[in-house]
Amino acid sequence: MSSIIQLLPDHVANQIAAGEVVQRPASVVKELLENAVDAKATDIKLVVKDAGKSLVQVIDNGVGMSVTDARLCFERHATSKIRLAEDLFSLHTKGFRGEALASIAAIAHVEMNTRQEQDELGTHLIIEGSKFVTQEPAVLAVGTSFMVKNLFYNIPARRNFLKSDTVEFRHVMDEFQRVVLAHPSISFSMYHNGSEMFNLPSSNFRQRIVNVFSGKTNEKLVPVQEETDILTIQGFVGKPEFAKKNRGEQFFFVNDRYIKSGYLHHAVMAAYEGLLKEGAQPSYFLYLQVPPNTIDINIHPTKTEIKFDDEHALYAILRSTVKHSLGQFNVVPALDFDRDPNLDTPYQYQNKAAEYPTVQVDRDYNPFAPSQPSKSFSGGGSSYKKPESQTSWESLYVGLKQDTIEVDQFSFENEVVTASLFDEKEEEQVVNSTYQIHKKYIVSPIKSGMVIIDQSRAHQRVLYEQFLTNMTVHQASSQQLLFPLHLHFSANEMELLHELKPSLENTGFVFEEMAEDSVHISGIPVNTSESEASIVLEQLISDLHDGIPESSFSQNDTIAKSMAKSLAVKTGTYLTEKEQENLVNNLFACKEPDVSPFQKPTFITMRVEDIDKRFAL
Ligand code: ADP
Ligand code: MG
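So, a few notes on the structure that sits alongside this text.

Parameters and conventions
Residues numbered from 1 in each chain as written. Chains lettered and ligands numbered in written order. Predicted model: local features only at pLDDT ≥ 70, side-chain atom pairs only at ≥ 80, totals over all residues. Heavy atoms only, no water. Near = heavy atom within 4 Å. Polar contact = N/O pair within 3.5 Å; in protein donor to acceptor, adjacent residues only side chain to side chain. Nonpolar A, V, L, I, M, F, W, Y, C, P; charged D, E, K, R; others polar. Pairing = 2+ DSSP bridges. Helix = DSSP H or I, 4+ residues; strand = E, 2+ residues; numbered from the N terminus. Axes fitted to C-alpha atoms, helices over the stretch in contact; angles between N-to-C directions. Contact = heavy atoms within 4.5 Å. Buried < 20%, exposed > 50% of the residue type's maximum accessible area, 1.4 Å probe, protein only.

**Some words on the site of ligand 1**
Consideration 1: Close contacts around ligand 1 come from 19 residues, with Asn 35, Thr 79, Ser 80, Lys 81 and Gly 98 the closest.
Consideration 2: Side-chain polar atom of Thr 79 to an oxygen atom of ligand 1: 2.5 Å apart, as the coordinates give it.
Consideration 3: Ala 100 has a polar backbone atom sitting 3.3 Å from an oxygen atom of ligand 1.
Consideration 4: Broken down by class, the residue content of the shell around ligand 1 amounts to 8 nonpolar, 7 polar and 4 charged.

See the structure below:
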């Protein structure tokens with residue numbers, strides 16, 4: 001009988017191996033960033049387009065590669081990081097399997113530029129689906145740049161399996177965060193579809209965490225430090241009162257590598273025993289150093305799970321160290337479990353001075369008078385009605401919609417703004433003089449000079465206030481769908497949706513049926529298209545990374561922000577003159593026109609004098 005077994009050709013073997021290493025664009029991000037770190041780069045730039053589906057590019061200033069290595073690095077099991085099996089026990093690099101580049105090159109269009117310091121010329125190389133297309137010398141900066149384009153172009157099934165850009169981008173962000181948090185001394189920057197997402201200077205652990213997770217993080221952190229023979233721990237844990245509902249900011253790094261470990265997580269949670277509300281999740285950023293020969297990183301292809309020799313000892317040390325830190329920093333007495341979420345300040349009132357409550361006394365009140373149980377408190381008049389403006393924060397938004405509709409084109413709610421910004425005499429002229437530049441800004445002349453509006457941020461502000469109003473007055477209109485949308489979500493995501501259902505219904509969503517892993521939607525908010533509905537929900541879920549806020553104000557606020565972000569016109573969108581005008585008018589009819597819901601400026605003004613000055617130079 002003839003033999004039927006054959007060795008697979010390399011490119012097929014590589015494609016199969018790629019399935020293990022590269023699941024999604026974020027996997028490419030991880031591998032390329034780790035290679036750059038291994039190449040001793042001090043500055044690394046990540047550029048991503050369409051959540052990495054069209055492009056992932058990593059540019060480093062590391063050691064680069066020689067002409068031969070530039071070609072060899074795409075071979076399977078080609079690595080400069082280990083030579084012998086024993087080397088596995090003294091690893092100081094992220095990579096060692098020599099598989100990543102071979103796998104990536106098998107399923108994408110890859111372009112590489114690389115130069116070592118000692119070489120005059122570098123190498124430019126193109127490889128597509130494991131086939132070398134070009135290799136030529138080129139004048140290049142020291143370091144390496146990898147461009148990975150059209151991921152899974154030759155495996156349509158895998159490409160179709162990718163989730164929406166929102167979801168894929170969240171994974172990219174996760175991988176980016178894991179690498180940048182592990183290497184604070186390296187400066188990193190990240191760009192998505194042309195916008196800068198992060199620019200992180202070289203710093204220390206604490207500063208890096210704060211730079212990644214916003215300034216407020218600093219006051220929430222308690223330092224952790226411990227040194228023993230088998231383990232060094234440093235890092236930070238979050239004060240219990242800042243714990244969240246889901247596990248957003250929990251990071252373990254072992255020997256500078258991000259890892260997942262249910263066991264170590266348990267140790268940290270044990271340290272918080274008695275300090276957290278049920279189900280609350282503290283933040284932690286814990287950097288563990290152990291001798292490389294006491295761990296085995298080899299048990300998972302993406303190397304996020306590792307095996308420790310002496311897990312029990314690690315558990316005990318970690319728990320007592322964290323516990324000690326929480327105690328030492330006097331976190332316990334500051335706890336206030338019973339904080340009333342209703343006291344959360346609506347954003348409008350955050351910077352305003354407190355108003356003293358007025359005591360209202362009913363001088364006519366006679367406790368012995370039998371038939372007046374519900375007599376008013378308002379000084380003997382007719383029955384007491386709480387003034388609407390004081391019922392609750394919700395009233396802040398009541399009536400807003402009407403206001404904005406009634407506002408005529410150039411009468412802004414805030415008269416001061418109107419007077420100083422637009423020249424009334426020029427009204428007619430102003431109407432026809434908005435210009436869109438670079439599909440990004442709208443420029444319009446005003447009395448004192450000109451105003452330049454960021455179209456995307458401006459639209460976010462407009463939508464945000466609209467949604468918030470609709471939600472608070474429970475009067476959103478919904479558009480009925482002819483065929484209900486059927487969307488799939490993971491169990492976790494469904495849990496979030498369940499919790500948010502009432503608030504989402506206030507925006508105009510109608511949920512017909514919520515199953516374990518999917519949802520039928522029969523109505524969507526009026527200013528949303530059918531195809532945008534899923535984007536909105538996915539974005540929302542990804543924005544709730546940090547847990548669902550407790551008070552209903554914050555919940556509505558989060559939803560309104562997230563939906564505004566998803567639905568606002570983006571940079572790069574052409575706007576007709578009419579659309580430009582509408583946007584400008586709607587923006588200045590807003591309560592807070594000058595900042596986006598994310599507190600970024602929506603417009604800038606340039607005075608004529610300033611322009612004159614520039615010309616006088
Ligand atoms: P591994 O990282 O496991 O060694 P990879 O396939 O990721 O495997 O990379 C193969 C080899 O290519 C590396 O061992 C390294 O020598 C070289 N290499 C990859 N990326 C870079 C880079 N950015 N700078 C310098 N050399 C690199
Ligand atoms: Mg690698």
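Text resumes after the structure shown.
**Focus: the sheet that holds strand β20 (residues 510-514)**
Consideration 1: Pairing is antiparallel across the open sheet formed by 3 strands, whose spatial order is β19-β21-β20. Both outer strands of the open sheet, β19 (478-488) and β20, are each paired with one neighbouring strand and no more. Each strand axis lies, on average, 15 degrees off the axis of its neighbour in the sheet, ignoring direction.
Consideration 2: Note that β20 and strand β21 (residues 518-525) share 4 bridges and pair antiparallel. Each bridged residue has a counterpart across the sheet, and for Met 514 the counterpart in β21 is Val 519.
Consideration 3: On the sheet, helix α14 (residues 491-507) packs against β20 and β21 and is oriented at approximately 155 degrees with respect to β20.

**Let's talk about the pairing of β21**
Consideration 1: Counting buried residues in β21 gives 7 out of 8 residues, a clear majority hidden from the surface.
Consideration 2: Examined bridge by bridge, β19 and β21 share 7 bridges and lie antiparallel to one another. Counted as the bridge partner of His 486 is His 520 from β21.
Consideration 3: Hairpin connection of β20 to β21: 3 residues between the antiparallel strands.

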